[in-house]
Amino acid sequence: QVQLVESGGGLVQSGESLVLSCAASGSIFSFDAMGWYRQAPGKQRELVATITGGGIPNYADSVKGRFAISRDNAKNTMYLQMSSLKPEDTAVYYCYADQTRYSLVNRYWGQGTQVTVSS
């Protein structure tokens, strides 16, 4: 069973940076797309960034130019580098990973990590 564990969240001030990590229990080489969602209190879950198995990133407009997603297959870890953080980035951040087996896509989720940005 695949397990994803996020880390790196915390409390920062506006303009500061954080790096979130998403460590997989097994090899992420077998994963297709991976990515990050976030959910703020009272708001819908928002897709923040994705990265394909080939390493091609994509970003929500709200974070484009400030966040960078990457994956290190050798370390079985995905990262979200967040810079120029704003109070509106405050949310619980969840990582996910898609794995295709026998033409079926299974999506695995992490438990979430809290990011709080103070003004």
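Before reading further, recall that the structure is shown in the block above.
This section reports on the structure supplied with the text. Quantities reported herein were computed from a predicted structural model and do not represent experimental measurements.

With that settled, consider the state of the cysteines. In this structure the tally under the stated criterion is 1 disulfide. The disulfide partner of C22 is C95, and the S-S distance across this bridge is 2.1 Å. Here the S-S torsion is close to 60°, and the disulfide linking C22 with C95 is therefore right-handed. Placement of C22 in strand β3 (residues 18-24) and of C95 in strand β9 (residues 91-101) is noted, with a sequence separation of 73 residues between them. Take C22: its relative accessible area is 0%, and that puts it in the buried class. The exposure class assigned to C95 is buried, which follows from its relative accessible area of 0%.

A positive phi is found at N76, a non-glycine position, where the angle reads about 55°. Position of N76 relative to the elements: it lies in the loop between β7 (67-72) and β8 (77-82). In this structure N76 comes out as partly exposed when scored by relative accessible area, which is 22%. A positive phi is found at S84, a non-glycine position, where the angle reads about 50°. Locating S84 in the fold gives a position in the loop between β8 and β9.

What counts and how
- The numbers attached to residues start from 1 for each chain and follow its sequence in the written order.
- Selection of residues for local features in this predicted model requires a pLDDT of at least 70, selection of side-chain atom pairs for listing and counting requires 80 or more, and totals for whole chains, interfaces and linings are taken over all residues.
- As a rule here, side-chain values come from all non-hydrogen atoms in the structure, and water together with hydrogens is ignored.
- Counting rule for disulfides: a pair of cysteine sulfur atoms within 2.5 Å.
- Every helix listed is a DSSP run of H or I at least four residues long, and every strand listed is a run of E at least two residues long, numbered separately from the N terminus.
- To sort residues, take the accessible area from a 1.4 Å probe on protein chains only and compare it with the maximum for the residue type: under 20% means buried, over 50% means exposed, and anything in between is partly exposed.

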